[in-house]
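If you want the building blocks of each chain, they are given just below.
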Amino acid sequence: MAEDALLTALDEDAKAQADSIVQGAQIEADGLIKSAGEEAAVTLEAMLSQGARAVERKRAEMMNNAGVKAAATLIDCRRSLMDDVFEKSLAAFSSIDRIEYGRILNFWYDELSAAWEKAEMEGAPVVHVNQQDGALIAGRGYLLNPDPAVRFGLVFVSADGRVRLENTFQARMDKTKEDLMPLIDSILFSEDSHLNAGSKEP
């Protein structure tokens, strides 16, 4: 009887210890699970945050690309407008009669002559002019040099070739382009421009 009681006591003690071990293990497991859950939540939040940043970067990249494309479109449009102005002006200038062209050429000659004197250049200039136009300004005083590279206008060049004053259709159109550029840009890049609107964020 005493042995049975002892065995029973030992058995109950072993079960109690086993239960305690199981309970402790369960608590530890629950703690690990909770900790893992919290870590998973933090990891998930970090992943979502990274994803959001990636999406924002992609959006910014797309908007930047759209802005670049819009700017390129505006630049192309500006170039096209300037080329159109030049071509139409050249066509109109080429169609004037010789008498009118001679009057214009002599006026341009006077402008260059005044600029040369104002600059107090040493010595007389050599006037480069297209061979076909030389007769229109003959007898003006300065030496003429037939130059096929000069078209619609004339160029004053110093004897040593270091100073060059140009008054040609091309030079005047280049100056006109500089004057027109701000006007064209104000139209193309204005707040109400449809092209400019494409580069703005929604």
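Quick note: structure is the one above.
All of these numbers come straight from a predicted model, not from anything done at the bench.

Notes on the side chain of Asn167
Okay, so step 1: Here Asn167 lies in strand S4 (residues 164-168).
Okay, so step 2: A relative accessible area of 5% places Asn167 in the buried class.
Okay, so step 3: Of note is the side chain of Asn167, whose polar atom sits 3.1 Å from the backbone oxygen of Trp108.
Okay, so step 4: Contacts of Asn167, omitting those with residues within four sequence positions, involve Trp108, Glu111, Leu112, Gly153, Leu154 and Arg172.

Quick word on helix H2 (residues 98-118)
Okay, so step 1: For H2, which comprises 21 residues, the first-to-last C-alpha distance of 30 Å matches the rise-based estimate of 30 Å (1.5 Å per residue) to within 8%.
Okay, so step 2: Of the residues making up H2, those classed as buried are Tyr101, Gly102, Ile104, Leu105, Asn106, Trp108, Tyr109, Leu112, Ser113 and Trp116.
Okay, so step 3: Its side-chain oxygen at 3.2 Å from the backbone nitrogen of Ile99, Asp97 defines the N-terminal cap of H2.
Okay, so step 4: Once H2 ends, the next one or two residues include Glu120, with phi positive near 50°.

Quick notes on the sheet that holds strand S2 (residues 143-146)
Okay, so step 1: Taken in spatial order, the four strands line up as S2-S1-S3-S4 in an open sheet, and their pairing is mixed. With partners counted over all chains shown, the strands left at the sheet margins are S2 and S4, one partner each. For this sheet the average axis-to-axis angle between neighbouring strands, irrespective of direction, equals 25°.
Okay, so step 2: Across four bridges, the pairing between strand S1 (residues 126-129) and strand S3 (residues 153-157) is antiparallel. Looking across to S3, one finds that Val129 is bridged to Leu154.
Okay, so step 3: Strands in contact with H2 are S1, S3 and S4; relative to S3, the strand with the most contacts, it is inclined by about 20°.

Focus: the packing of aromatic side chains
Okay, so step 1: Inspection of the entire model under this criterion finds nine aromatic pairs.
Okay, so step 2: Both rings, one in Phe93 and one in Trp108, keep their centres 5.7 Å apart while their planes meet at 0°; by these two values the pair is stacked. Residue Phe93 is located in helix H1 (residues 2-94), and its partner Trp108 is located in helix H2; the two are separated by 15 residues in the primary sequence.
Okay, so step 3: When its relative accessible area of 6% is taken as the criterion, Trp108 is described as buried.
Okay, so step 4: Summarising the aromatic geometry, the rings of Trp116 and Phe156 are spaced 6.3 Å apart at their centres and angled 70° between planes, so their arrangement reads as edge-to-face. Linking Trp116 in helix H2 with Phe156 in strand S3, this pair joins segments that are 40 residues apart in sequence.
Okay, so step 5: Residue Trp116 is classed as buried on the basis of its relative accessible area, which comes to 3%.

A few points about the pattern of salt bridges
Once their charged atoms are close, side chains differing in charge can pair, the charge on each being opposite to the other.
Okay, so step 1: This model, assessed by the stated rule, comprises four salt bridges.
Okay, so step 2: Arg98 is paired through a salt bridge with Asp133; the nearest N and O atoms lie 3.3 Å apart. Residue Arg98 is found in helix H2, and its partner Asp133 is found in the loop between S1 and S2; the two are separated by 35 residues along the sequence.
Okay, so step 3: Its relative accessible area of 5% is what places Asp133 among the buried residues.
Okay, so step 4: Arg140 is the partner of Asp110 in a salt bridge, and the nearest nitrogen-oxygen pair spans 2.4 Å. Taken as a pair, Asp110 in helix H2 and Arg140 in the loop between S1 and S2 lie far apart in primary sequence, 30 residues in all.
Okay, so step 5: Judged by relative accessible area, which is 39%, Asp110 ranks as partly exposed.

Rules used in this analysis
- Residues numbered from 1 in each chain as written.
- Predicted model: local features only at pLDDT ≥ 70, side-chain atom pairs only at ≥ 80, totals over all residues.
- Heavy atoms only, no water.
- Helix = DSSP H or I, 4+ residues; strand = E, 2+ residues; numbered from the N terminus.
- Buried < 20%, exposed > 50% of the residue type's maximum accessible area, 1.4 Å probe, protein only.
- Polar contact = N/O pair within 3.5 Å; in protein donor to acceptor, adjacent residues only side chain to side chain.
- Contact = heavy atoms within 4.5 Å.
- Expected span 1.5 Å × (residues − 1).
- Pairing = 2+ DSSP bridges.
- Axes fitted to C-alpha atoms, helices over the stretch in contact; angles between N-to-C directions.
- Phe/Tyr/Trp six-rings, centres within 6.5 Å; stacked < 30°, edge-to-face > 60°.
- Salt bridge = Lys/Arg side-chain N within 4 Å of Asp/Glu carboxyl O.

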